[in-house]
Amino acid sequence: MVKVSAPGKLLLMGEHAVVYGQPCIVTAVDQRLSVTVEKSKGYKSIINSPQVHDTRFIDAAIGVAKKAWGTDGGIRITTQGQLNGYGFGSSSAVTVATLKALSMLYEKVVGQRELFELSYRAVLSVQGVGSGFDVAAAVWGGTVYYTGSRKTAEPLAVGTIPLVVGYTGVKADTVELVRDVGRKREAYPEKVDRIMQGVGKLVASGKEALLSQNWERLGKLMDFNQEYLRDLGVSTQKLEDLISAAKRAGAWGAKLSGAGGGDCMIALAKSDKREEISKAIQQAGGQALDVRPNAEGVRIEL
Ligand code: PMV
């Protein structure tokens, strides 16, 4: 029996633009999903996954593993964890954890790059769209500068990131939002491409600000990123309410995190402002979440 866990993620900057080849910055969060695998009799795989109702990702991971390593036979898979629908990326976490666990079960030596590629293949086979940033966060953990064009993951040596996270209470449909932006780009290619390039530049500056821990500057860059996301039409009134509330309460900057349409917003704030900002988020109808960034990537639990 093998048990492996992988972290969820939060996008700090660069959503949507990363789908069109630009870089993004993603951090792994301390909410994890675990997968236990063992061989079972027969050829059928048995999946017991109360947390991840959508078992297509687990099925896809099993399919990719069998094809890559020429293995067959039944597997019993059980998931445990706390990625409770806040948009922290349960699909990528469960895919990465399953493939890592299966590599252990079949005694295959698989490096991080290969694990990323196999997992990304599995995710794409289910979703059809996606830059792979969430898969990179689950594999490498920490905080990663991920490029949408070459799919490279550069771990960034950052300590703590002073992040406050607010959940809108609305579940976002990432695939639909990505398709929506795609349609907008077809209709207005110049406008949308200009936005994507602008976001890419902000992300590059954001990386420098993050590495030098210049939070005030990073906050400002996040604000600019949010303006572009608003222009793309992926923000909502609820996200805007939480973002404004956080900023009024003294955040250095705030933006939506992920595809938009709901899920979470993030704010950057001095430690003595955190409580006030969390309160402001609650008062604006959001739920302040206690999540820590920069968490460890996929790991073996037993
Ligand atoms: O909704 P999330 O947290 O999975 O983020 C989606 C981010 C996008 O850039 C819109 C899509 C992608 O795969 O990069």
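Data block above holds the structure.
For the structure given in this document, a descriptive report is provided here. Just so you know, these numbers come straight off a predicted model, no measurement behind them. (Residues numbered from 1 in each chain as written. Predicted model: local features only at pLDDT ≥ 70, side-chain atom pairs only at ≥ 80, totals over all residues. Heavy atoms only, no water.)

**Overview of the packing of helix H6 (residues 189-211) against helix H7 (residues 215-232)**
And then number 1: Packing of H6 against H7 leaves a shortest axis separation of 9 Å and a crossing angle of 165°. The pairing of H6 with H7 is recorded here as roughly antiparallel in orientation. Along this stretch, H6 crosses H7, giving a crossing that reads as left-handed. Of the residues in H7, those touching H6 at Lys191, Val192, Ile195, Met196, Gly198, Val199, Leu202, Ser205, Gly206, Ala209 and Leu210 are Trp215, Arg217, Leu218, Leu221, Phe224, Asn225, Tyr228, Asp231 and Leu232. (Axes fitted to C-alpha atoms, helices over the stretch in contact; angles between N-to-C directions. Helix = DSSP H or I, 4+ residues; strand = E, 2+ residues; numbered from the N terminus. Parallel < 35°, antiparallel > 145°, perpendicular 65-115°, else oblique. Left-handed = near helix turned anticlockwise from the far one by under 90°. Contact = heavy atoms within 4.5 Å.)

**Comments concerning the pairing of strand E8 (residues 253-257)**
And then number 1: Among the 5 residues that make up E8, 5 are buried, leaving the element largely enclosed by the rest of the structure.
And then number 2: As paired elements, E8 and strand E9 (residues 264-268) share 5 bridges and run antiparallel to each other. Considered in E9, the bridge of Gly253 is made with Leu268.
And then number 3: Here E8 folds back onto E9, and the loop between the two strands holds 6 residues, one of which, Gly258, carries a positive phi near 110°. (Buried < 20%, exposed > 50% of the residue type's maximum accessible area, 1.4 Å probe, protein only. Pairing = 2+ DSSP bridges.)

**As for the packing of aromatic side chains**
And then number 1: Per the stated rule, a full pass over the model turns up 6 aromatic pairs.
And then number 2: Ring centres of Phe116 and Trp140 lie 5.8 Å apart, and the angle between their planes is 45°; this geometry places the pair in the tilted category. Of the two residues, Phe116 is situated in helix H3 (residues 112-127) and Trp140 in helix H4 (residues 133-140); the sequence distance between them amounts to 24 residues.
And then number 3: The exposure class of Phe116 is buried, given its relative accessible area of 1%.
And then number 4: Cluster of aromatic residues (ring-pair linked, three or more members): Phe116, Tyr120, Trp140 and Tyr146.
And then number 5: Its guanidinium or amino end placed over the ring of Tyr145, Lys207 lies 4.4 Å from that ring's centre, counting from NZ or CZ.
And then number 6: A cation sits over an aromatic face here: Lys220 above Phe224, 5.6 Å from the ring centre. (Phe/Tyr/Trp six-rings, centres within 6.5 Å; stacked < 30°, edge-to-face > 60°. Lys NZ or Arg CZ within 6 Å of the ring centre and 35° of its normal.)

**Digging into the sheet that holds E9**
And then number 1: The sheet built from 4 strands is open, its strands ordered E8-E9-E7-E10 with antiparallel pairing. Only two strands of the sheet have a single partner each, and these edge strands are E8 and strand E10 (287-289). The mean angle between the axes of side-by-side strands here comes to 30°, regardless of whether they run parallel or antiparallel.
And then number 2: When strand E7 (residues 163-167) meets E10, the two strands line up antiparallel, connected through 3 bridges. Counted as the bridge partner of Val165 is Leu289 from E10.
And then number 3: Packed on one face of the sheet, helix H9 (residues 274-283) meets E7, E9 and E10 and runs near 10° to E7.

**Overview of the site of the ligand**
And then number 1: Near the ligand lie 14 residues; those nearest to it are Lys9, His16, Ser131, Thr174 and Ala259.
And then number 2: Here an oxygen atom of the ligand and a side-chain polar atom of Thr174 are 2.7 Å apart.
And then number 3: For the ligand, whose unbound accessible area comes to 380 Å², protein coverage reaches 92%.
And then number 4: Looking at the shell around the ligand, the elements that each hand over two or more residues are strand E1 (2-13) and helix H5 (174-187).
And then number 5: Of the residues contributing to the shell around the ligand, the split by class is 6 nonpolar, 6 polar and 2 charged. (Near = heavy atom within 4 Å. Polar contact = N/O pair within 3.5 Å; in protein donor to acceptor, adjacent residues only side chain to side chain. Areas by Shrake-Rupley, 256 points an atom, 1.4 Å probe, with all protein chains shown as cover. Nonpolar A, V, L, I, M, F, W, Y, C, P; charged D, E, K, R; others polar.)

**Looking at the state of the cysteines**
And then number 1: Applying the stated criterion across every chain, the model contains 0 disulfides.
And then number 2: Here Cys24 stays unpaired: no disulfide links it, and the sulfur of Cys264, its closest cysteine neighbor, is 16 Å away. (Disulfide = S-S within 2.5 Å.)

**What about H6?**
Every α-helix winds through 3.6 residues per turn, so residues three or four apart in the chain are directed the same way.
And then number 1: Its 23 residues give H6 an end-to-end C-alpha distance of 33 Å, which sits within 8% of 33 Å, the value for a rise of 1.5 Å per residue.
And then number 2: Taken together, the buried positions of H6 are occupied by Val192, Ile195, Met196, Gly198, Val199, Gly200, Leu202, Val203, Gly206, Lys207, Ala209 and Leu210.
And then number 3: Those residues of H6 that are buried are in contact with E1, strand E2 (23-40), strand E5 (143-147), strand E6 (153-156), H5 and H7.
And then number 4: Gln213 occupies a position one or two residues after H6 and carries a positive phi of about 55°. (Expected span 1.5 Å × (residues − 1).)

**Topic: the nonpolar core**
And then number 1: Grouped together as the largest cluster of nonpolar side chains are 105 residues, with contacts concentrated most on Leu10, Val37, Phe88, Leu99, Leu102, Tyr146 and Met265.
And then number 2: For Leu10, the residues in contact, after removing those within four places along its chain, are Ile25, Val26, Thr27, Val29, Phe88, Leu163, Val165, Ser257, Cys264, Ile266 and Val291. (Core = buried A, V, L, I, M, F, W, Y, C linked by side-chain atoms within 4.5 Å.)

**Side note on the environment of Leu210**
And then number 1: Examined against the element boundaries, Leu210 turns out to sit in helix H6.
And then number 2: On the accessibility criterion, Leu210 (1% relative accessible area) is buried.
And then number 3: In the structure, Leu210 is positioned 89 residues away from Arg121 in sequence and 30 Å away in space, judged by C-alpha atoms.
And then number 4: Leaving out residues up to four positions away in the same chain, Leu210 has contacts with Ile25, Thr143, Leu156, Val158, Ile161, Trp215 and Leu218.

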